[in-house]
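Geometric and topological summary
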Amino acid sequence: MVEIELDGQKVAVPPGSMVMHAAEKAGTYIPHFCYHKKLSIAANCRMCLVDVEKAPKPMPACATPVTQGMIVRTKSDKAIKAQQSVMEFLLINHPLDCPICDQGGECQLQDLAVGYGGSGSRYEEEKRVVFHKDVGPLISMEEMSRCIHCTRCVRFGQEIAGVMELGMSHRGEHAEIEAFVGNTVDSELSGNMIDLCPVGALTSKPFRYSARTWELSRRKSVSPHDGTGANLIVQVKNHKVMRVVPFENDAINECWIADRDRFSYEAVNSEDRLTAPMLKQGGEWKTVDWQTALEYVANGLKELKTEHGAGAIGLLASPHSTLEELALAGALVRGLGSENIDSRLRQADFGNAAAAGSARWLGMPIAALSSLQRVLVVGSSLRKDHPLFAQRIRQAVRKGAQVNVVSDQMQDWAMPIANAVTVDSNLWVAALAGIAAAVAAETGVQTPIAGEINDTTRAVARSLLDGEQKAILLGNAAAHHEKASSLLSLANWIAQQTGAKVGYLIEAANTVGAQLVRAVPGQGGLHAGQMLGGALKATLLLNTEPAFDSAVGAQGLRSCGGMVVTLSPFKANMDVSDVLLPIAPFTETSGSFVNAEGRLQSFHAVVRPLGDTRPAWKVLRVLGNLLGLSGFDADSSQAVLASVLPGVASGDVVAAARLSNADAGVGPAAADLGPVQSQPCVASIYQLDSLVRRATSLQLTSDARTGRTVVEGASA
């Protein structure tokens with residue numbers, strides 16, 4: 001450790017640290033604009049100038065390395081005058097438009113100008129004007145005259161998003177931040193530039209001019225989209241969600257969120273919201289009260305059970321539903337005597353399941369992705385499927401990690417790829433068999449299965465046998481593959497020989513939680529594929545639209561016979577449904593998700609339910625009571641959670657014994673190398689769930705225009 005004196009206080013920091021790091025450790029604030037703890041050091045704003053003893057002039061705290069015995073003063077006359085001079089220069093060309101600026105009230109320049117700015121300016125010439133730029137539907141660059149050239153947005157693109165979409169052209173007062181690679185900013189993480197901008201140059205286009213920051217209430221929540229479980233701050237005005245920003249949690253999402261976490265809130269305010277129960281009578285939809293709708297459903301289920309047996313009743317649930325909703329959905333179906341419940345809507349190999357009450361998972365803490373040295377990713381559009389996981393692996397690559405890929409097409413992951421096995425998805429099992437054979441040849445062990453060794457599989461094997469921190473990660477396409485069991489068996493064998501960990505990247509916010517609370521069929525129950533094949537007389541659809549969310553697409557929706565009940569925040573499945581019950585999205589209900597690493601995260605409603613919308617757990621509880629079932633007496637979502645995951649508090653990782661990626665009774669020798677009948681069903685980035693599909697701004701992005709959901713017999 002290196003010890004320095006900072007404002008008379010002794011501070012010890014690791015060698016290589018900067019004065020800014022020592023100040024952070026000591027709790028001393030040094031004004032700054034360009035410095036950010038997650039980005040490289042640029043030292044171009046000069047706001048952090050400090051007085052270093054024996055230095056001939058003030059030095060930038062963010063770029064001055066500490067030395068043993070260094071004496072630093074951050075509040076001496078020399079330091080203060082230097083900081084005031086820098087502020088005067090920064091304000092020379094800055095427009096005086098704080099009253100109309102969206103950043104007003106949360107602007108670093110505004111705050112520091114109060115402490116370090118003068119009462120007037122000595123600059124009398126005309127201020128420069130920078131022409132506005134259109135970079136897409138998410139980020140507004142309408143007021144680039146406000147830019148102070150801190151380059152945070154440029155460095156974020158290079159270092160975190162992996163794509164330098166913005167850069168600085170020209171010099172001096174002619175310098176401008178511009179988009180060079182294309183006309184728009186298309187990164188799936190681009191919205192973080194809005195948070196990073198210390199002034200009002202980059203602002204949120206959907207939020208623009210809709211509210212002032214001091215009018216907003218701030219409430220914590222959790223993202224309902226992918227398996228990251230990103231922590232959010234939802235900002236609310238007049239019981240309406242106005243904006244979503246990240247809540248910092250280094251163990252999960254650090255200080256970043258994906259664009260679908262940030263902008264999907266538009267859907268909860270959309271015109272497509274269902275605000276009252278509806279019944280279809282004579283082919284026309286009629287609005288009814290809750291009592292009428294629930295009694296209709298309960299009576300219908302009783303009649304169908306009497307006439308066709310409990311086995312004719314089934315429930316399909318979205319893995320984006322809360323733990324409490326999924327638990328009560330399972331209890332409802334099982335209370336009727338049926339085991340027909342499933343949340344694995346896009347899966348094809350239903351034999352690939354963990355033991356009852358256990359779950360497939362990431363196989364390691366999310367934070368560990370940043371320190372991997374060797375990675376093999378199988379069947380994933382990593383950058384688009386899991387933007388925050390990709391960001392962590394990108395940081396590992398910057399530190400020397402090697403990424404190997406088995407995929408059906410080589411996509412731009414915004415990171416260097418060491419080796420890529422690019423083959424059609426029906427050859428993925430053969431590709432892994434080839435890697436396994438290459439590992440066996442390199443280590444001298446007996447190969448578990450006949451696999452073809454070539455230069456690429458040999459290179460992948462050698463990569464995995466090198467390094468210490470290693471992982472084999474199975475993506476959404478691998479999880480939904482027709483031979484997912486074979487892929488897992490071979491991945492486990494390769495991992496055993498190379499010392500790697502095996503994990504699933506996890507598609508949805510509650511994929512792990514759904515398995516833990518048994519939102520999967522029990523003994524003798526029908527899985528999602530069978531239920532959507534027309535085997536039911538009564539189908540309950542919880543927060544899902546089979547036309548978009550299932551492997552069989554619109555065909556499966558048409559196969560739902562008899563009575564179809566849709567529980568959704570939106571007007572969904574109207575062509576086939578008999579009843580629509582309006583349930584609350586994540587912003588209007590309390591609940592819990594279990595993310596990819598098995599961490600339970602609970603959240604509360606941030607706004608009151610819209611219209612006659614009700615939380616789904618309450619709807620299911622009342623429906624259970626009307627059916628005369630036991631176990632439906634919980635008076636809060638917390639009580640439901642305590643009954644299904646006892647002893648696990650919010651923020652805790654569930655017991656390791658309940659998280660398993662072990663083979664489902666299939667060894668690598670039994671891996672099936674034969675042809676497959678269908679392509680894996682994978683949702684594109686902005687088709688993942690009902691919220692992102694209805695977020696207007698997200699649907700205007702280039703990813704939404706070019707993305708598609710791959711399903712057999714249909715596409716979306």
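Note that the structure is predicted; figures quoted are calculated from it, not measured.

1. What about the UniProt feature "domain: 4Fe-4S Mo/W bis-MGD-type" (unreviewed entry) in the protein?
UniProt marks residues 216-272 with the feature "domain: 4Fe-4S Mo/W bis-MGD-type" (unreviewed entry), using the numbering shown here. Annotated as residues 216-272, this span is 9% helix and 35% strand, and its ends, taken at the C-alpha atoms, are 25 Å apart.

2. Regarding the packing of aromatic side chains
Applying the stated criterion across every chain yields a total of two aromatic pairs. Between Phe 156 and Trp 256, the aromatic rings sit 5.2 Å apart at their centres with planes inclined by 55°, giving tilted as the arrangement. Taken together, the positions of Phe 156 in helix α4 (residues 152-161) and Trp 256 in the loop between β13 (240-246) and α6 (259-263) put the pair 100 residues apart, joining distant regions of the chain. Classification of Phe 156 by relative accessible area gives buried; the value is 1%. Taking the ring centre of Phe 207 as reference, the NZ or CZ of Arg 243 above it sits at 4.4 Å.

3. Looking at the confidence of the model for the protein
The predicted coordinates should not be examined in detail at positions where pLDDT is low. Per-residue confidence for the protein gives a mean pLDDT of 94; residues scoring 70 or more make up 98%. Confidence drops under a pLDDT of 50 for residues 708-716, and excluding neighbours within four residues, the segment shows 26 contacts in the predicted structure.

4. Here's the deal with the UniProt feature "domain: 4Fe-4S His(Cys)3-ligated-type" (unreviewed entry) in the protein
UniProt records the feature "domain: 4Fe-4S His(Cys)3-ligated-type" (unreviewed entry) for residues 78-117 in the present numbering. In residues 78-117, the share of helix is 55% and the share of strand is 0%. The end C-alpha atoms are 16 Å apart.

5. With respect to the nonpolar core
Residues Leu 301, Leu 362, Leu 376, Leu 473, Ile 494 and Leu 581 are the most contacted members of the largest nonpolar core, which totals 112 residues. No other element matches the 10 residues that helix α11 (residues 428-443) contributes to this core. Excluding residues within four positions of it along the chain, Leu 581 makes contact with Leu 274, Pro 277, Trp 290, Ala 293, Leu 294, Val 565, Thr 566, Leu 567, Ser 568 and Val 619. Core analysis: the next-biggest nonpolar cluster, separate from the first, contains 75 residues, Leu 90, Val 154, Ala 161 and Ala 230 among them.

6. Notes on the sheet that holds strand β3 (residues 49-52)
Strand pairing in a sheet is mediated by backbone hydrogen bonds. Such pairs are either parallel or antiparallel. Read across the sheet, five strands follow the order β2-β1-β5-β3-β4 without closing on themselves; strand pairing throughout is mixed. The outermost strands of the open sheet, each flanked by one partner alone, are β2 (9-13) and β4 (59-60). Note that strand β1 (residues 2-6) and β2 share five bridges and pair antiparallel. Bridged to Val 2 within β2 is Val 13. Contacts between helix α1 (residues 19-26) and the sheet are confined to β1, β2, β3 and β5 (71-73), with β2 contributing the most and set at about 115° to the helix. Strands β3 and β5 of the sheet are contacted by helix α2 (residues 77-90), whose axis makes an angle of about 160° with β3.

The rules behind the values
Residues numbered from 1 in each chain as written. Predicted model: local features only at pLDDT ≥ 70, side-chain atom pairs only at ≥ 80, totals over all residues. Heavy atoms only, no water. UniProt positions renumbered as here; feature names shortened; annotations may be inferred. Helix = DSSP H or I, 4+ residues; strand = E, 2+ residues; numbered from the N terminus. Phe/Tyr/Trp six-rings, centres within 6.5 Å; stacked < 30°, edge-to-face > 60°. Buried < 20%, exposed > 50% of the residue type's maximum accessible area, 1.4 Å probe, protein only. Lys NZ or Arg CZ within 6 Å of the ring centre and 35° of its normal. pLDDT = per-residue confidence, 0-100. Contact = heavy atoms within 4.5 Å. Core = buried A, V, L, I, M, F, W, Y, C linked by side-chain atoms within 4.5 Å. Pairing = 2+ DSSP bridges. Axes fitted to C-alpha atoms, helices over the stretch in contact; angles between N-to-C directions.

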